[in-house]
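# An overview of the molecular structure
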Amino acid sequence: MKLASLRPVVLLTRPRRESRAAATALAQQGIDCIRMPLQSTRRAPRSSTLEADLRWAGGASVQIFVSRAAVVAALAVAPTAVAAASTRIAVGRATAAALQRRGMSAISAPGQAEDSDGVLGLTPLHEVRGTRIAIWAAPGGRDRIADVLSQRGAQVRAIAIYQRLPQRPRMAALRRLRAVRACCVLTATSGALLQSLDQTLQCRGLARLRTRPLIVVSERIATLARTRGFESVHVAKGASPEALIAALGDPHLLT
């Protein structure tokens, strides 16, 4: 099935940079989108806790990066620690590319599983007893990676190197969303984005769109979405533009 034949309009809710990359990839497939970032990211403020975490990370031979924002923040604050790692692992291909552009080798989760389970299935993380592993992240995410690696005997620390902040939707994006006459497909790549999307739809008189297809990136988020009343929830195999395009090609999405 050709995506262009259905002409869906995709609502992108990720931060500005990620939404722009997805919009470019979608345009190449002839798919229109509405960019409405509901979240922004910024580097975590310096604190005694962060300073202690950074010193600890200097001895972490394995380092995991959950997003491009994590790469940017970690390299800005702790470039020596990142460079010293013998193994760098990225949750997705876009995150791995962000490291590689800065001259850092990186392993990424396979394209069909750009999520926590995809990372945990990577060979370097099978035998990690006694290994020090730093996870560069934002508060409130990727607990499964840390929990499972701890169960495998690793010394794990999730370092909150950046923050995710809610962002008010732009009025131009809301006007476009209200005017959509084609099929609208919603997206949310995290639990926080799902919450912001739900609040936006309800507060802006757009709750009817919760009947439209919603693409998320994990079963956990899918469960949250159904609990919140979204009626047609679909799980993509990762948060990358490629994973989104693959999910849009599912013949069951728009039925």
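Residues numbered from 1 in each chain as written. Predicted model: local features only at pLDDT ≥ 70, side-chain atom pairs only at ≥ 80, totals over all residues. Heavy atoms only, no water.

Now for empty space enclosed by the protein. One pass over the structure, following the stated rule, counts one cavity of 30 Å³ or more. Volume-wise, the largest cavity comes out at about 130 Å³. Residue lining of the largest cavity: 16 residues in total, with Arg14, Thr187, Thr189, Ala239 and Leu244 positioned closest to the centre. Counting only elements with at least two residues in the lining of the largest cavity, the list comes to helix H1 (16-28) and helix H11 (241-248). Of the residues forming the lining of the largest cavity, the biggest block, three residues, is contributed by H1. Broken down by class, the residue content of the lining of the largest cavity amounts to eight nonpolar, six polar and two charged. (1 Å grid on protein atoms, 1.4 Å probe; cavity = no way out; pocket = protein on both sides within 12 Å on 5 of 7 lines; lining within 4 Å. Points joined across faces, edges and corners; volume = space filled by probe spheres on them. Helix = DSSP H or I, 4+ residues; strand = E, 2+ residues; numbered from the N terminus. Nonpolar A, V, L, I, M, F, W, Y, C, P; charged D, E, K, R; others polar.)

Before going further, it helps to examine the layout of surface pockets. Its volume calculated, the second largest pocket comes out at about 330 Å³. Forming the walls of the second largest pocket are 14 residues, and the residues nearest its centre are Arg17, Thr41, Arg42, Ala69 and Val72. Mapped onto the lining of the second largest pocket, the elements with two or more residues apiece are H1, strand E3 (39-43) and helix H3 (68-77). Along the lines of polarity and charge, the residues of the lining of the second largest pocket split into five nonpolar, two polar and seven charged.

Once that is clear, we can look at helix H5 (residues 93-100). Taken residue by residue, H5 has Thr95, Ala96, Ala98 and Leu99 as its buried positions. Looking down the long axis of H5, one finds its buried residues gathered within 155° of arc, a one-sided arrangement. Taken together, the buried residues of H5 touch strand E4 (62-65), H3, strand E5 (87-90) and strand E6 (107-108). (Buried < 20%, exposed > 50% of the residue type's maximum accessible area, 1.4 Å probe, protein only. Arc of directions from axis to C-beta. Contact = heavy atoms within 4.5 Å.)

Per-residue confidence for the protein gives a mean pLDDT of 91; residues scoring 70 or more make up 95%. Between residues 1-5, whose pLDDT stays under 50, and residues either more than four places distant or in other chains, the model counts nine contacts. (pLDDT = per-residue confidence, 0-100.)

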